[in-house]
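Next come the chains, spelled out residue by residue.
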Amino acid sequence: MGLLSKISASLLLAMAVPSLSYPTHNQSYTNPLFPGWHSDPTCTYVSEQDTFFCVTSTFIAFPGLPLYASRDLQNWKLASNIFNRPSQIPDLRVTDGQQSGIYAPTLRYHEGKFYLIVSYLGPQTKGLLFTSSDPYDDAAWSDPLEFAVHGIDPDIFWDDDGKVYVTSAEDQMIKQYTLDLKTGAIGPVDYLWNGTGGVWPEGPHMHKRDGYYYLIIAEGGTELNHSETMARSKTRTGPWEPYPHNPLLTNRGTSEYFQTVGHADLFQDGNGNWWAVALSTRSGPEWKNYPMGRETVLAPAAWKKGEWPVVQPVRGQMQGPFPRPNKRLPRGEGGWIKQPDMVDFRPGSSIPAHFQYWRYPKTEDFTVSPRGHPNTLRLTPSFYNLTGTADFKPDDGLSLVMRKQTDTLFTYTVDVSFDPKVADEEAGVTVFLTQQQHIDLGIVLLQTTDGLSLSFRFRVEGRGNYEGPLPAATVPVPEDWQGQIIRLEIQAVSDTEYVFAAAPARHPAQKKVIGRANTLIVSGDTGRFTGSLVGAYATKNGGAGSTPAYISRWRYEGQGQMIDFGRVVPSY
């Protein structure tokens, strides 16, 4: 082999070495890792792909169980939605709770296959196990194997003898039992360690390392007393030795901006560094204002052989031994988690993979670029509005499409072409937490004493943690705007206020503010487990109308993340 050939071969060999094998240096980073509603994170590192993968809870939102992938722990892409078709969870059609559905998954990789185990809380609680050999393809995720889960938050663990165990939380206890991966049959229950006395021991994960079984659990409830604790044992069923310095991770009893830290998962990168992901709420100890709900945070950890792990406390600004930046991923169903939306619904395109619905959508009510209306998304109005009535059933469907609010400060706009003919027909935009908590700006045809009037209607459902008078406004659409495409806008101008405005799309400088709302309205209450989404809707409001709305030029841009009291950093 000639010298040039030897050099080329050496270069190719060097290029083939995983990026994480290079020395790393502490780099500054900011939390949250996954901003916006991303609770109950679970992560794993796949060495042969040199890639990290994480999943979070989605409750009754669809599609659900987003799988994010990264080569560098810094840039994360939506690889696929594990729950992506009705055949996987038919019970979503009859699940009426606003915070029912998919609770606290665990993601693991074993012998070339990904496993996602989770409880589904619907009419009955079911254990579900999804599998895939291709994490970048929605269709590659299986319909789930159902099993008789004990409670919530199941973890899957392979012991050295090949047996598979599920560890879950039920009746204030951590339970463990075998699982047959072919039949779904479970074995007898062993009762494990239940923590240090905090309420709601849950979210268990088991690791085996240096001859010990390590069990980490969340306890204290997912509010201000939330924490992560640990114990270990030489045998799988105990006796358990608690970590002498429990809790392993918490921000309880502090004045930190990041609170409710817990429900953690531990994973190791290709350089031997350990990391923890956990949920956290950007609320401060007052725990009142947190419209984005529970988000995913990242903390470096150290776990020396034979010793207990040590996890750095969660802060907005941290340092860790990151791999060098690398945005090379083979493919994926969606885009990067920290990027703006610029969606034009071009002919032949699909609704973006990170867009979500509240339960299953009626697919015929969402049409990209219908004939005669290119570069639009046609919304056929749902009979019920976003709240519904006592007669509303989960499968009635809402003509509502959304994306997560992922920034403290943001601007969201959408152009609406809508020519209602019948009273109470409406199309608009919303900040949506649950059907009982949302803030809407709609274009609506109202019946008045003088006849039908096209108006902007700003109204609020629910009050969350807000204690003042609720805002409302009805403003006639200016005559010279009628018949035109109207741009509706939601802007978070601070960490406490949304501003709702409208303008003719051709003359955005004519923008008029229609209403303002406190972010406390979409904090807590019926949505304590979820987080705010922003999006567009169309409804008959229970009337006889059928006029569709055509939305276009969907834009979402983050303009700032608050990472500590009074400290805002750029979103991107």
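Residues numbered from 1 in each chain as written. Predicted model: local features only at pLDDT ≥ 70, side-chain atom pairs only at ≥ 80, totals over all residues. Heavy atoms only, no water.

**Some thoughts on the overall build of the chain**
Phase 1: A tally of regular secondary structure across the chain gives 1 helix and 40 strands.
Phase 2: A globule of 572 residues ought to have a C-alpha radius of gyration of about 25 Å, and the chain, at 25 Å, matches this closely.
Phase 3: Across its three principal axes, the chain shows a C-alpha extent of roughly 80 × 70 × 50 Å.
Phase 4: Within the chain, residue pairs in contact and separated by at least 24 positions form 61% of the contacts whose partners lie at least 6 positions apart.
Phase 5: Surface exposure of the chain reaches about 22200 Å², of which carbon and sulfur atoms provide 50%. (Helix = DSSP H or I, 4+ residues; strand = E, 2+ residues; numbered from the N terminus. Rg over C-alpha atoms; globule rule 2.2 N^0.38 Å. Contact = heavy atoms within 4.5 Å. Areas by Shrake-Rupley, 256 points an atom, 1.4 Å probe, with all protein chains shown as cover.)

**Concerning the side chain of Thr530**
Phase 1: Along the polypeptide, Thr530 turns up in the loop between β37 (512–518) and β38 (533–539).
Phase 2: The exposure class of Thr530 is buried, given its relative accessible area of 1%.
Phase 3: Dropping the residues within four chain positions of it, Thr530 is found in contact with Trp37, Phe59, Gln98, Gln99, Gly293, Arg294, Trp358, Leu433 and Thr434. (Buried < 20%, exposed > 50% of the residue type's maximum accessible area, 1.4 Å probe, protein only.)

**Remarks on unusual backbone geometry**
In terms of backbone geometry, most residues other than glycine have negative phi values and most peptide bonds are trans.
Phase 1: For the peptide bond that leads from Phe62 to Pro63, omega is -5°, which places it in the cis range.
Phase 2: Position of Pro63 relative to the elements: it lies in the loop between β4 (61–62) and β5 (64–70).
Phase 3: Cis geometry marks the peptide bond from Gly238 to Pro239, where omega comes out at 10°.
Phase 4: Assignment of secondary structure puts Pro239 in the loop between β17 (227–233) and β18 (241–242).
Phase 5: Located in the positive-phi region is Asp525, a residue other than glycine, with phi close to 60°.
Phase 6: Tracing the sequence through the fold places Asp525 in the loop between β37 and β38.

**Section: the packing of aromatic side chains**
Phase 1: Under the defined criterion, the tally for this structure stands at 37 aromatic pairs.
Phase 2: When the centroid spacing of 5.4 Å and the interplanar angle of 45° are considered together, the rings of Tyr243 and Trp308 count as tilted. With Tyr243 in the loop between β18 and β19 (249–250) and Trp308 in the loop between β22 (294–302) and β23 (310–311), the pair connects residues that are 65 residues apart, well separated along the chain.
Phase 3: Residue classification places Trp308 among the buried positions, given a relative accessible area of 12%.
Phase 4: In this structure an aromatic cluster arises from ring pairing among Tyr212, Tyr214, Tyr243, Trp274, Trp303 and Trp308. (Phe/Tyr/Trp six-rings, centres within 6.5 Å; stacked < 30°, edge-to-face > 60°.)

**Structural notes on the pairing of strand β30 (residues 409–417)**
Phase 1: Burial within β30 is extensive, with 8 of its 9 residues counted as buried.
Phase 2: In terms of strand pairing, β30 meets strand β39 (residues 549–564) through 8 bridges, oriented antiparallel. Bridging across to β39, Leu409 finds its partner in Gly560.
Phase 3: Here β30 runs beside strand β35 (residues 486–492); their pairing, made up of 7 bridges, is antiparallel. (Pairing = 2+ DSSP bridges.)

**Details of the nonpolar core**
Phase 1: In terms of nonpolar packing, the biggest core is built from 104 residues, with Trp358, Tyr412, Ile439, Phe456 and Trp554 touching the most fellow members.
Phase 2: Residues from two domains meet in this core; each of domain 1 (32–333) and domain 2 (340–569) gives at least three.
Phase 3: Leaving out residues up to four positions away in the same chain, Ile439 has contacts with Val429, Thr430, Val431, Phe458, Arg459, Val460, Tyr498, Phe500, Ala517, Asn518, Ile521 and Val522.
Phase 4: Core analysis: the next-biggest nonpolar cluster, separate from the first, contains 42 residues, Phe34, Trp76, Tyr212 and Val277 among them. (Core = buried A, V, L, I, M, F, W, Y, C linked by side-chain atoms within 4.5 Å. Domains from an automatic or database assignment.)

**Things to note about the pattern of salt bridges**
For side chains bearing opposite charge, pairing can occur when the charged atoms are close.
Phase 1: One pass over the structure, following the stated rule, counts 28 salt bridges.
Phase 2: Across the pair Asp91 and Lys126 runs a salt bridge whose closest N-O atoms are separated by 3.2 Å. You can see Asp91 sitting in the loop between β6 (77–83) and β7 (101–110) and its partner Lys126 sitting in strand β9 (residues 125–132), a full 35 residues away along the chain.
Phase 3: Here Asp91 falls in the buried class, since its relative accessible area comes to 16%.
Phase 4: Of the residues examined, Lys126 reaches a relative accessible area of 23% and is grouped as partly exposed. (Salt bridge = Lys/Arg side-chain N within 4 Å of Asp/Glu carboxyl O.)

**Quick look at the sheet that holds strand β11 (residues 152–158)**
Phase 1: If you walk across this open sheet you meet the 4 strands as β11-β12-β13-β14, and the pairing is antiparallel. Of all the strands in the sheet, just β11 and β14 (190–191) have a single pairing partner and so form its edges.
Phase 2: When strand β13 (residues 173–178) meets β14, the two strands line up antiparallel, connected through 2 bridges. Each bridged residue has a counterpart across the sheet, and for Lys175 the counterpart in β14 is Tyr191.

**Side note on the environment of Ser546**
Phase 1: The topology assignment puts Ser546 in the loop between β38 and β39.
Phase 2: Along the backbone, Ser546 and Glu425 are 121 residues apart, and their C-alpha atoms lie at a distance of 7.7 Å.
Phase 3: Among all residues touching Ser546, those that are not within four sequence positions of it are Pro381, Glu425 and Lys540.

**A closer look at the sheet that holds β6**
Phase 1: What the 4 strands build is an open sheet, ordered β2-β3-β5-β6; its pairing is antiparallel. Looking at the sheet topology across the chains shown, the edges are occupied by β2 (42–46) and β6. When the angles between neighbouring strand axes are averaged without regard to direction, this sheet yields 25°.
Phase 2: With 5 bridges joining them, β5 and β6 adopt antiparallel strand pairing. What sits directly across from Ala69, in β6, is Lys77. (Axes fitted to C-alpha atoms, helices over the stretch in contact; angles between N-to-C directions.)

**A few points about the domain arrangement of the chain**
Phase 1: Here the chain is partitioned into domain 1 (32–333) and domain 2 (340–569).
Phase 2: Centre-to-centre separation of domain 1 and domain 2, based on C-alpha positions: 32 Å.
Phase 3: Buried surface at the junction of domain 1 and domain 2, both sides included, amounts to about 3700 Å², of which 55% is carbon and sulfur.
Phase 4: Of all residues in domain 1, Trp37, Gln98 and Tyr257 give up the largest surface area on contact with domain 2, accounting jointly for 20% of the area buried on that side.
Phase 5: Applying the counting rule to domain 1 against domain 2 returns 2 salt bridges.
Phase 6: Close ionic contact of Arg93 with Asp395 constitutes a salt bridge, the shortest N to O distance being 2.9 Å. (Buried area = accessible area lost by both parts, 1.4 Å probe.)

**What to know about the pairing of strand β31 (residues 426–434)**
Phase 1: Taking burial as the measure, the 9 residues of β31 include 9 buried ones, the bulk of the element.
Phase 2: Taking the residues between adjacent antiparallel strands as the criterion, β31 and strand β32 (residues 437–448) are bridged by 2 residues.
Phase 3: Sheet topology places β31 next to β38; 7 bridges connect them, and they run antiparallel. Of the residues in β38, the one forming a bridge with Val431 is Val534.

**Some details on the confidence of the model for the chain**
Phase 1: The predicted model of the chain averages 95 in pLDDT, with 96% of residues at 70 or higher.
Phase 2: Overall, residues 1–23 carries pLDDT values under 50, and its contacts beyond four positions in sequence, including any with other chains, amount to 18 contacts. (pLDDT = per-residue confidence, 0-100.)

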